[in-house]
Amino acid sequence: MNTKDNHTIIEVRDLVTHYGETQILDHVSLAVPRGTVYVIIGGSGCGKTTLLKHMCGLLKPSSGQILYQGEDIVPMEEDDLAKMQRSIGIAFQTSGLLNSMTVGDNVALPLREYGNMDEPLIQAVVRMKLGLVGLADMAHLMPDELSGGMRKRAGLARAIALDPPLVYFDEPSAGLDPIMACGLDELILDLRRMLGITFVIVTHELDSIRKIADRILMLDRGTVIFDGTMEDVERTETERVRQFFERRPDEYIVQRTI
Amino acid sequence: MNEIRLTCPPRLDKESGSELFKRLRHEKVTEGQTLVLDFSETEFLDSLGGARLIEISDHLRRWGGQMRLENEHGDVAEFLKVITPALSVTSSIQPKEVEVLEKIGGTAITVGEEIWQFIDLCIDAIYWTVLGPLEGKGFRWGMLLDEMHEMGVRAIGIVCMMNFLLGLIIAMLSAKQVENYGVQILVADAMMIGFARELAAVMTAVVVAARTGAAIAAELATMKVQEEIDALRGMGLNVAQFLVAPKLLSLVLMLPCLWVLGLITSLSGGFVWGVFVLKFNFSVWYTETLNAAHFQDLLQGFLKTIAFAIAIALIGCHNGLRVTGGSRGVGLMTTRAVVMDIFVMICIDIVFATIFYYILG
């Protein structure tokens, strides 16, 4: 492994993907440095979530490479893919908690499947992880008894159950009130600092991006139009990026001749 | 003359817009001509007036003409600016003409894909139900017990009730039919043969398909919609192992049990009619029923329930996992699962009848 690989935890090269005949992603490339909070932004329907699902092997691309710790996950067989997925935590937009089990069992699920631990230790880990996200005393509740923000945090607790080096988080603050959203941002930063987790986050909450992003990638209609730091954003000339950060709507294109 | 000028009325609303449209029709725009709409007098424009403009622009486009707006001002100009995007696209979106062959091909591909997915699921499910646990790869026994309780124990009431009533009805109707021949005791034989071969299995399976088949499809579909399936796969868990296998095994274990209960209750339905209404002696009816019981009939009924159980579980899972779109998709797939269940059950039934009574004799 060369030095570059050590710095990059996951890399996407020339990813092309289709749903049916519609092209969703068009030659997307990116590299996520270890230990950063990498934010993927873009308008609705630009392919952010699709990109994320490719990066954890849930979808197979039409072409391109996805290198996790230097290994291409695209041609991987199911078993290897499952092994790779265990080392990635995924927190879903709608939390993805299994509604048929308690919050505690949800967090315990990956531990029971792969952790090779005995039950008391599992319970201890569950309490610790739920404590990290501020839900220590909620383990016995069912997911539908939690509020939206709590569910997201519980989803995050499950994602970090196996201490993954890399965590994907789809829209952490969507649908949360500002206090809750801000709390979640703090939590992400804390987890990165304390556990050294690399985060890849899909969001379009501007305040949240300003606060947590080390690096920002912007997608527009399936292509990468910006990849850089927050300072780069301030200096960029790309109209679409400026529009996004200044919250300007699309202007009506006044066509006199119709 | 390549331009036609029309002056818009001071108030452009639904009625005056319609007037404008009529005037335009008199002008007979031909291909390549441009209609210039002069807004210099227009001070008022409402949304229906705007809609008329959109109508006009659609017509012009159809005739190969163009439209240009001039001298708009004030509020009217603002409003026109807002509706410009609607003016610049043709509203009557023509659905893409699909050739017959293309349609057939498209359907064939979809059906082919679905069959392939189903086969894939079957292989996975059977692997994780039979070979996986044998190879020590783990099976969710805890979940199996839950499922058996839900699918089996909780269905006892309805299965017994339906079979009992059906038994009663069949006895009632067939007794009426043979009344004139004085061979009403043969109703006991008919009940045994009919229910062992066919009715108990089908009736039980229909109840279970409506109950459990729908529940399986709805549960998996909801899990898919709420990203729970993705979450499982994202944790490297196998959906077939985690969700499908316990359901499959549970139904394969429970449906034959329900069938036995169904058979007993349906025969008791006939029994009630025979003993209390037709006034046969208890032991006469009992002996007649037992005499009509043949191992081959019972075996056929038993094996059929296992085939039904596999079909119901896999079809439910298959449809649940195929869901797209939100809550509407869940409803559609649940309906589809039950309809497919019942259809496939009848097909299985035909296969069994053919094998047992025509091929094996």
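Bear in mind that the values here come from a model prediction, so they are computed numbers and not experimental data. (Residues numbered from 1 in each chain as written. Chains lettered and ligands numbered in written order. Predicted model: local features only at pLDDT ≥ 70, side-chain atom pairs only at ≥ 80, totals over all residues.)

Observations regarding the overall build of chain B
Of the regular secondary structure elements, chain B holds twelve helices and five strands. Against the compact-globule benchmark of 21 Å for 361 residues, chain B has a radius of gyration of 34 Å, which places it well outside the compact range. For chain B, the spread of C-alpha atoms along the three principal axes comes to 105 × 60 × 40 Å. A total of 361 residues make up chain B; the buried ones form 37% of that total. A sequence separation of at least 24 residues applies to 87% of the contacts in chain B between residues at least 6 apart. (Helix = DSSP H or I, 4+ residues; strand = E, 2+ residues; numbered from the N terminus. Rg over C-alpha atoms; globule rule 2.2 N^0.38 Å. Buried ≥ 20, exposed ≤ 12 C-beta atoms within 10 Å, placed from the backbone. Contact = placed C-beta atoms within 7 Å.)

Describing the interface of chain B and chain A
Contact with chain B, which involves 21 residues of that partner, is made by 22 residues of chain A. Among the secondary structure elements, those contributing two or more residues to the side of chain B that touches chain A are strand S5 (66-70), helix H3 (74-88) and helix H8 (228-234) of chain B. At six residues, H3(B) tops the list of elements feeding residues into the side of chain B that touches chain A. Tallied by class, the residues present in the side of chain B that touches chain A amount to eight nonpolar, seven polar and six charged. (Nonpolar A, V, L, I, M, F, W, Y, C, P; charged D, E, K, R; others polar.)

Considering the nonpolar core
A general tendency of soluble globular proteins is for nonpolar side chains to be buried together. Membership of the largest hydrophobic core comes to 139 residues, with the highest contact counts inside it found for Tyr168(A), Ala205(B) and Ile312(B). When residues of this core are assigned to their parent elements, the largest contribution, 23 residues, is made by helix H7 (residues 186-225) of chain B. Setting aside chain neighbours within four positions, we find Tyr168(A) in contact with Leu52(A), Met55(A), Cys56(A), Ile88(A), Ile90(A), Ala91(A) and Val200(A). (Core = buried A, V, L, I, M, F, W, Y, C linked by C-beta atoms within 7 Å.)

Concerning the sheet that holds strand S7 (residues 166-170) of chain A
Strand pairing in a sheet is mediated by backbone hydrogen bonds. Such pairs are either parallel or antiparallel. Residue and element names in this part refer to chain A. Taken together, six strands build an open sheet; the order of strands is S6-S7-S8-S3-S9-S10 and the sheet is mixed. Only two strands of the sheet have a single partner each, and these edge strands are strand S6 (88-91) and strand S10 (223-228). Ignoring strand direction, the axes of neighbouring strands in this sheet form an average angle of 15°. Contacts from helix H6 (residues 148-159) reach S6 and S7 within the one sheet, and its direction differs from that of S6 by about 170°. (Pairing = 2+ DSSP bridges. Axes fitted to C-alpha atoms, helices over the stretch in contact; angles between N-to-C directions.)

What to know about the environment of Tyr357(B)
Within the fold, Tyr357(B) resides in helix H12 (residues 327-359). Tyr357(B) sits 243 residues away from Glu114(B) along the chain, and the two C-alpha atoms are 33 Å apart.

Comments concerning the packing of helix H9 (residues 239-277) of chain B against helix H10 (residues 282-292) of chain B
All names here are of chain B. Packing of H9 against H10 leaves a shortest axis separation of 10 Å and a crossing angle of 145°. In this structure, H9 meets H10 at a crossing whose hand is right-handed. Facing Leu 267, Phe 271, Gly 274 and Val 275 of H9, the residues of H10 in contact are Phe 282, Trp 285 and Thr 289. Residue classes in the contact of H9 with H10 are distributed as five nonpolar, two polar and no charged. (Left-handed = near helix turned anticlockwise from the far one by under 90°.)

Some thoughts on helix H6 (residues 156-178) of chain B
Each α-helix winds once per 3.6 residues, and so residues spaced three or four apart point in a common direction. Given a rise of 1.5 Å per residue, 23 residues ought to cover 33 Å, and the 33 Å separating the end C-alpha atoms of H6(B) matches this to within 8%. The set of residues buried in H6(B) consists of Val159(B), Cys160(B), Asn163(B), Phe164(B), Leu166(B), Gly167(B), Ile170(B) and Ala171(B). (Expected span 1.5 Å × (residues − 1).)

Concerning the sheet that holds strand S1 (residues 8-19) of chain A
All names here are of chain A. Strand order in the open sheet made by the four strands is S2-S1-S4-S5, with antiparallel pairing throughout. This sheet does not close on itself; its edge strands, each paired only once, are strand S2 (22-33) and strand S5 (71-72). Across two bridges, strand S4 (residues 63-68) lies against S5 in antiparallel orientation. Each bridged residue has a counterpart across the sheet, and for Tyr 68 the counterpart in S5 is Glu 71. With respect to the sheet, helix H2 (residues 48-55) is in contact with S1, S2 and S4, its orientation differing from that of S1 by roughly 120°.

Some remarks on the confidence of the model for chain A
Residues and elements named next belong to chain A. In the predicted model, chain A carries a mean pLDDT of 85, and 94% of its residues have values of at least 70. When the elements of chain A are averaged for pLDDT, helix H1 (residues 3-7) gives the smallest value, 58, and strand S8 (residues 198-202) the largest, 92. Between residues 253-258, whose pLDDT stays under 50, and residues either more than four places distant or in other chains, the model counts 13 contacts. (pLDDT = per-residue confidence, 0-100.)

Remarks on the environment of Lys22(B)
Mapping Lys22(B) onto the fold places it in helix H1 (residues 14-27). Separated by 61 residues in the primary sequence, Lys22(B) and Ile83(B) have C-alpha atoms spaced 22 Å apart.

Observations concerning the pairing of strand S3 (residues 34-38) of chain B
Residue and element names in this part refer to chain B. The side-chain alternation of S3 yields one buried face, formed by Leu 35 and Leu 37, and one unburied face, formed by Thr 34, Val 36 and Asp 38. Across five bridges, the pairing between strand S1 (residues 3-7) and S3 is parallel. Following the sheet pairing, Leu 6 is matched in S3 by Leu 37.

Here's the deal with the packing of H7(B) against H9(B)
All names here are of chain B. The interhelical angle for the contact between H7 and H9, taken along N-to-C directions, is 145°, at an axis separation of 8 Å. You can see that H7 and H9 cross each other, and the crossing is right-handed. The residue makeup of the contact of H7 with H9, split by class, is 21 nonpolar, six polar and one charged.

Considerations on the pairing of S1(A)
Residue and element names in this part refer to chain A. Here eight bridges tie S1 to S2, and the two strands are oriented antiparallel to one another. Bridged to Leu 15 within S2 is Val 28. Counting the residues in the hairpin turn of S1 and S2 gives two residues, including Gly 20, whose phi is positive at 60°. As defined by bridge partners, S1 adjoins S4 across five bridges and the pair is classed as antiparallel. Counterpart to Val 16 in the pairing with S4 is Ser 63.

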